[in-house]
There are 2 protein chains.
Amino acid sequence: MASTVLHALRRQRLPLARWGPRRFIATKNVITDPMTGELMASTPDIQPSRLEITRNANPATPPPSQTLVFGHTFTDHMLTIPWDAVSGWGAPQIKPYGPLQMEPSATVLHYAQTLFEGMKAYRDETGKVTLFRPDMNMKRMNNSARRIALPTFNGDALLELIKQLIRIDKHWIPQEPGHSLYVRPTLIGTQKAIGVGPPNEALLFVILSPVGPYYSSGFKPVALYGTTEFVRAAPGGTGAYKLGVNYAPGVLPQKSAAALGYSQNLWLHGPEHYLTEVGTMNMFVVFTTEDGATELVTPPLDGMILPGVTRDSVLTLAREHASGKNRLANLADQLVVSERPVTMEEVKEAAAAGRLVEMFGAGTAAVISPVDRIGYMGEDVHIPTGADGMGPVSRPIWTELVGRQWGTIPSEWSFTVTE
Amino acid sequence: MASTVLHALRRQRLPLARWGPRRFIATKNVITDPMTGELMASTPDIQPSRLEITRNANPATPPPSQTLVFGHTFTDHMLTIPWDAVSGWGAPQIKPYGPLQMEPSATVLHYAQTLFEGMKAYRDETGKVTLFRPDMNMKRMNNSARRIALPTFNGDALLELIKQLIRIDKHWIPQEPGHSLYVRPTLIGTQKAIGVGPPNEALLFVILSPVGPYYSSGFKPVALYGTTEFVRAAPGGTGAYKLGVNYAPGVLPQKSAAALGYSQNLWLHGPEHYLTEVGTMNMFVVFTTEDGATELVTPPLDGMILPGVTRDSVLTLAREHASGKNRLANLADQLVVSERPVTMEEVKEAAAAGRLVEMFGAGTAAVISPVDRIGYMGEDVHIPTGADGMGPVSRPIWTELVGRQWGTIPSEWSFTVTE
């Protein structure tokens, strides 16, 4: 395979000695025959310089921020970038938000060839607009694409185009505390034929939605249903990738949990009932250890866990506190940070022994979502929460995290879109 | 829940004593609040009497049958039926085949809210058009809809509309032996908001594609790659439903298998390496038992196996032969039909002992697909095939099956579309 690539590159007279980062990117889009693995062609990557902009002639007035419902309102423009197996990535377009023309045979409609990302842009009182760790989303989006045989791309190039889109619609970003612009890049297979295989056409599009805080009046802890009759993910499956296929199957279990009086599913895996994720968020548990330390635990990235950007941020802040690199106010001195399996039995025992400190979900939409109760095997496990709904570990971490997101605490996680 | 439904029906003054089959169908579409389970409204089912037909003003000429590639060609018309949570199923439309207008926020594009069916219509030399067991597809489609919180419907009503669509485009059905019209009903969530939940809008559409025989020149046995590093399904997952989410994740494993020289994945489950399915087909294995009988085995419907129409047809024909109800020529007298788990170890041992008779996949597209080799844990297990590519059990079953499909053998499985 490697020698085939080299041979083809030689045919194209690309001098090997001159390979730099740019040429390396081009090789990422080498197209191989899905049946034989044979090299077919090397096609162009996403090129911001080819961007075509068509302004919306009838821009809308952004609605009052207090009326926003998550994901219901979209801005005046969207970004689209077509791809096909012969020509590679085509000219990016920023154009008025509106319907896509979709062939009824488009493979996304039949075989769920779709992946997406979710990130947030913030606007401060000076008008400065920032994105929170978008490099993580670009990397994960490419990992997702590889997993379902959709085309990969240069993440920096897409990010540049997303910034341009946000700049055009930046007046849509609510300025109220806790508000932001939710950015939704999506990549779909659009092959016009209903065979199952790598699509020969795809479409990447990005839409923007102004959103309010997930909890409009303080934190409201949620009750979880410890779910064993349905699974979100399995070893050898797609749980570690942000693919559409991980979401539709969760709606029915969510309805079942709601009918029993719980807000979300706590997905438990295997006969040991390992905690995996909660609804569409990563899961954290805090214990007091036998020797009196505070342990922050989250399940390891074992192939079933989505590598969440908020998960990584929480772990990083906690570890920087524990190591002394960046101490957080009001957080336990003796903090142990663990990525390790944790079972419901361990949670139950800790609750009974008074060693369960708190539990919370972490994700882009809600940032931190405290948990106060888990329905498990017919009984409820109760979890402590503070008067404000949060716990002693999530509170200081949340404070630092939203400070970095809103830009009130400067950090390298904040990417400037426009000053 | 049941009492809530009764209470709501009483409020609507539906006399309980007059409930008949029709009213029962209406209750299937009772809408409940996804969070509370509370009854919201009862909405109309699919109504064939509301069909609106717009003829294609520029009909195409069907291409020569020998040029057909599976799923690449579509007929002049399609059927669409909109649904929303307030109005229920709207007026069905048969109209020219063409692009759908899809909002970029449509949930199918983000969360894979899609399910589909595949069935075939045949046209004999007298012009009579039949469908093969479409009642099974309608039933399964409703089961799929329930699993991902898409709306259910009266299967008989949809089938009546599908027949009408086929009648309009019946000149597209190739008459050559082994040719047919592939019918693809699809149901997608089209809610215009990117929250994860039961969609408040959906679209059911049906497209038709003329197809040739899967094997243009006799049977060509395929080589399978015994796949343990990826899974198609898991307990508590969606393997038993015909959902889009079961397909996109299989493309990468299929590419990996192809790169190793195998045609399809043989999905093995658990540490025992249970056989589950092959590619997108159900799996059958034939053994000679210790006491000299012939045993036809397929994995049981344990929640991971798609309840295939061809699978059911093969089992039914084999059982009717075994019971003496309908003996098939050239099929072993002493036939044992088993739905039971089977491991790769059992297959390997039977192959070594000369007791492995044959293996084949079964599905709508290829009908019967013989297997001659399985790559498993670094070595190849070889499977006997006859000179024609088939084996002693699949051959007589295939003969009966295609006879019933083409209508040369009359049966209650053949549904008349038009005489």
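Here is what the cut-offs are and how they apply
- Numbers given for residues are sequential positions, taken from 1 along each chain in its written order.
- The order in which chains are written sets their letters, starting at A; the order in which ligands are written sets their numbers, starting at 1.
- Where totals are concerned, whole chains, interfaces and linings use all residues; where local detail is concerned, this predicted model gives features only for residues with pLDDT of at least 70, and gives and counts side-chain atom pairs only at 80 or more.
- Hydrogen atoms and water are omitted, and side-chain values are computed over all heavy atoms in the structure.
- UniProt positions are given in the numbering used here, feature names are shortened, and annotations may be inferred rather than shown by experiment.
- A helix here means a DSSP run of H or I that spans at least four residues, while a strand means a run of E at least two residues long, and both kinds are numbered starting from the N terminus.
- Multiplying 1.5 Å by the helix residue count minus one yields the expected span of that helix.
- When a residue's accessible area, from a 1.4 Å probe over protein chains only, is under 20% of the maximum for its type it is buried; when over 50% it is exposed; and in between it is partly exposed.
- Superposing the copies works by least squares over the C-alpha atoms of residues that have pLDDT at least 70 in both of them.
- Any two residues whose heavy atoms approach within 4.5 Å at even a single point are treated as in contact.
- In this description, a line fitted to the C-alpha atoms serves as the axis of each element, helices being fitted only across the stretch in contact, and the angle between N-to-C directions of two axes falls anywhere from 0 to 180 degrees.
- For a crossing to be left-handed, the near helix must be turned anticlockwise from the far one by less than a right angle; the clockwise case is right-handed.
- Ten residues, namely Ala, Val, Leu, Ile, Met, Phe, Trp, Tyr, Cys and Pro, are considered nonpolar, four, namely Asp, Glu, Lys and Arg, are considered charged, and the remaining ones, Gly among them, are considered polar.
- When two parts are brought into contact, each loses some accessible area as probed by a 1.4 Å sphere; the total of that loss over both is the buried area.
- Should a side-chain nitrogen of Lys or Arg be within 4 Å of a carboxyl oxygen of Asp or Glu, the pair is scored as a salt bridge.
- Throughout this description, a polar contact denotes any pair of N or O atoms lying within 3.5 Å of each other; where both atoms belong to protein, one of them has to be capable of donating a hydrogen while the other can accept it, and for residues adjacent in sequence the pair is counted only when both atoms sit in side chains.
- Two strands qualify as a pair provided DSSP detects at least 2 bridges between them.

The name given to chain A in an unreviewed UniProt entry is Branched-chain-amino-acid aminotransferase, and the organism recorded there is Mycena maculata. One UniProt comment on chain A, placed under Sequence similarities (unreviewed entry), says "Belongs to the class-IV pyridoxal-phosphate-dependent aminotransferase family."

Trainee: In this structure, what is going on with helix α4 (residues 134-147) of chain A? I would like to understand it.
Mentor: All names here are of chain A. The end-to-end C-alpha distance of α4, which contains 14 residues, comes to 20 Å, matching closely the 20 Å that a straight helix rising 1.5 Å per residue would cover. Buried within α4 are the following residues: P134, N137, M138, R140, M141, N142, S144, A145 and R147. Looking one or two residues beyond α4, the residue adopting positive phi is A149, at roughly 60°.

Trainee: Honestly, the relation of the copies chain B and chain A in this entry has me stumped. Any pointers?
Mentor: Between chain B and chain A, the superposition needs a rotation of 180° and an axial shift of 0.0 Å, giving an RMSD of 0.0 Å. Between the two chains, the operation in question is that of a two-fold axis. An overlap of 100% is found between the interface residues of chain B and their copies at the interface of chain A, pointing to a shared contact surface.

Trainee: Where do I start with the packing of helix α7 (residues 309-323) of chain B against helix α9 (residues 394-406) of chain B in this structure?
Mentor: Geometry of a packed helix pair, given as the angle between the helix axes and the separation of the axes. All names here are of chain B. Across the interface, α7 lies against α9 with an axial gap of 10 Å and an inter-helix angle of 115°. Read as a crossing pair, α7 and α9 show a hand that is right-handed. Contacts between α7 and α9 involve T310, S313, V314, L317, A318 and E320 from the first element and I397, E400, L401 and R404 from the second. Each residue belonging to the contact of α7 with α9 can be placed in one class, and the counts come to five nonpolar, two polar and three charged.

Trainee: Can you walk me through the interface of chain B and chain A in this structure?
Mentor: For an interface, size is often stated in terms of accessible area lost upon the parts coming together. Residue-level contacts link 60 residues of chain B with 60 residues of chain A. For the pair chain B and chain A, the summed buried area comes to about 5,100 Å², and 66% of that belongs to carbon and sulfur atoms. Summed over the three residues of chain B that lose the most area to chain A, namely P104, L109 and I194 of chain B, the buried surface amounts to 12% of that side. Here chain B and chain A share zero salt bridges between them. Summed over the shared surface of chain B and chain A, the number is 18 residue pairs in polar contact (both at pLDDT 80 or more). At the level of secondary structure, the elements contributing two or more residues to the side of chain B that touches chain A comprise β7 (100-102), α3 (107-111), β8 (114-116), α4 (134-147), β11 (180-189), β12 (201-211) and α6 (251-259) of chain B. Looking at the side of chain B that touches chain A, the element that brings in the most residues is α6 of chain B, giving seven residues. Partitioning the side of chain B that touches chain A into residue classes produces 38 nonpolar, 15 polar and seven charged. Of the strand pairs in this sheet, strand β7 (residues 100-102) of chain A and β7 of chain B are connected by three bridges, and their pairing is antiparallel. Each bridged residue has a counterpart across the sheet, and for Q101 of chain A the counterpart in β7 of chain B is Q101 of chain B.

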